[in-house]
Amino acid sequence: MNLWRDIKGTFQPFWITLGYLFKKPVTIQYPEEKRTPPPRYRARIVLTRDPDGKERCVACQLCSAACPVDCISMQAAEAPDGRRYAAWFRINFARCIFCGLCAEACPTMAIQTTPDYEICNRDVLKLVQEKEDLLIDGCGKDTEYNYYQHAGVGVVNGRGGNEDEYGPVDPKALVP
Amino acid sequence: MNDLLLSLILILVKLGMIFGVVLSMAAYLVLAERKILGRMQMRYGPNRIGPGGMVQPLCDVIKLITKEDFVPARADKWVFLFAPGLTALTALLSFAVVPFSPPLSLFGREIPMVVCDLNIGLLYLFGLSSLAVYGVVLGGWASNSKYSLLGGIRSLAQLISYELALGLALVPVVMSANSFSLTEIVAAQADWPNLLRHPLAFIIFMISIAAESKRTPFDMPEAENEIVGGFHTEYSGMRFGLFFVGEYINLIVIGAMTTVFFLGGWHGPFLPPVVWFVMKVLFVAFLFIWARGSMPRPRYDQLLVFGWKVLIPLALLNVVVSGAIYLAFSQ
């Protein structure tokens, strides 16, 4: 039994809390002061465009499949030039848990998370956002990536005509 | 006849003033506690409603009144409804014997600044503080919930461990004043506060009164992280509010008791006596808030052991030694 240590341990915390009483609180007073979230912060989800200004989304449904709470739904359609797009695209932010799995699943970098966290609303239906609410005029995090320059069904450069692609293989020429 | 009527009116006026002052002080103590605790934890505490959060107590009261007053199924309904009132009532009644200023001369009459100068004021305070535990125990028992019952049992266990030490710590104070009357006790401290005369009694008194108040170092009856809310787990709305207000009125009572018994009551230089009294009460309240920000909670068997094996022997020793000294000096 160390009585001196116990007595010291009883009075030390008082001294420390008294010291903290005169320090400035670390609280950020939210509506007046706002902190800037880091660029990779996962908040409102957007659909981006590629550098040419065309929609990146090819309506492959991978984000919808990856979504753990099933808040993404869409309808695929095809343009005359063979480019696939979403006829309608809907994210229910009332359900969204902002896990970012949709952005991870996206092969074309179309769906991306942004640091815009102030999207709360008293009306739940206003949290259901359609394609025109989601689509932005920019590339988001990667300003150069263009899916159709690397893969796809020959929308930009013809089938297999991209830089890092080779043309279709002739199965008859493959005979040993 | 006329004289009697005048006395009655004076007593009613004093009662009204004390009720108003104590209740508003209790409301603002809640705010002060939340703000001070907040600052000790490097946050601001309530600061949204009104300048610096000054209207917060009013909003809390409105919230509590408009909430549902819920009685759990198979609770003992009447005891359940009655228990919170007991806590608040006993706390409020304690103020009847507290002198907060020297007698005032008004229209040629000597008006004592205390509602009722009982010659057994100290015993009256003890009686009420023990009765206050009934509110907690009955509330815990009537709720028909295991956590509430555990809280009630704990508060009883706590009662038997501090009450004796509390009484014994005040024996030297009574010896030095030769009276149980609080007015006499304050008058006996005109030159020296009892704090300097009986420092050991003061320490024992502070520890046991902290246990009596059921505040943080000894808040086992409502230990949030062990037994949900303890005795007030099942309470809602204004009945919970009564428990809550009772706790803070109790804090003021404790401040007043400490002030009267050890800090010299309203005695003090330069400032008017009432100001000294209120300042001392608030200082003691701050000490308790400070302790809440600093101390962890012991187990309740540790409190029992501490009460019976440390506080009571020390208090007895203190009584014997100071009694012997008084005897030696009086002869």
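Let us look at the structure shown here. (Residues numbered from 1 in each chain as written. Chains lettered and ligands numbered in written order. Predicted model: local features only at pLDDT ≥ 70, side-chain atom pairs only at ≥ 80, totals over all residues.)

## Here's the deal with the sheet that holds strand S3 (residues 84–92) of chain A
All names here are of chain A.
Thinking step 1. Taken together, the 3 strands give an open sheet; going across it, the order is S2-S3-S5, and neighbouring strands pair in antiparallel fashion. Both edges of this open sheet fall to strand S2 (72–78) and strand S5 (128–129), since each of them pairs with a single strand only.
Thinking step 2. Bridge count between S2 and S3: 7 bridges; the pairing is antiparallel. From the neighbouring strand, glutamate 78 faces S3, where its bridge partner is arginine 84. (Pairing = 2+ DSSP bridges. Helix = DSSP H or I, 4+ residues; strand = E, 2+ residues; numbered from the N terminus.)

## Some remarks on helix H8 (residues 199–212) of chain B
Residues and elements named next belong to chain B.
Thinking step 1. If you check H8, its first and last C-alpha atoms are 20 Å apart, about what 14 residues at 1.5 Å a residue would give, namely 20 Å.
Thinking step 2. For H8, the tally of buried residues reaches 10 of 14 residues, placing the bulk of the element in the interior.
Thinking step 3. For H8, the set of buried residues is Ala201, Phe202, Ile204, Phe205, Ile207, Ser208, Ile209, Ala210, Ala211 and Glu212.
Thinking step 4. Elements in contact with the buried residues of H8: helix H4 (121–142), helix H5 (146–177), helix H7 (194–197), helix H10 (237–261), helix H11 (273–294) and helix H12 (300–330).
Thinking step 5. Immediately downstream of H8, the backbone of lysine 214 shows phi near 55°, a positive value. (Expected span 1.5 Å × (residues − 1). Buried ≥ 20, exposed ≤ 12 C-beta atoms within 10 Å, placed from the backbone. Contact = placed C-beta atoms within 7 Å.)

## Quick word on the pairing of S3 of chain A
Thinking step 1. Examined bridge by bridge, S3 of chain A and S5 of chain A share 2 bridges and lie antiparallel to one another. Note on S5 of chain A: the bridge partner recorded for isoleucine 91 of chain A is glutamine 129 of chain A.

## Regarding unusual backbone geometry
Thinking step 1. In the Ramachandran plot, aspartate 70 of chain A falls in the positive-phi region, its phi being about 55° despite a non-glycine side chain.
Thinking step 2. Position of aspartate 70 of chain A relative to the elements: it lies in the loop between helix H2 (62–66) and S2.
Thinking step 3. Of note in this structure, methionine 42 of chain B is not a glycine but carries a positive phi near 60°.
Thinking step 4. Accessibility expressed as a C-beta count within 10 Å gives 13 for methionine 42 of chain B, which makes it partly exposed.

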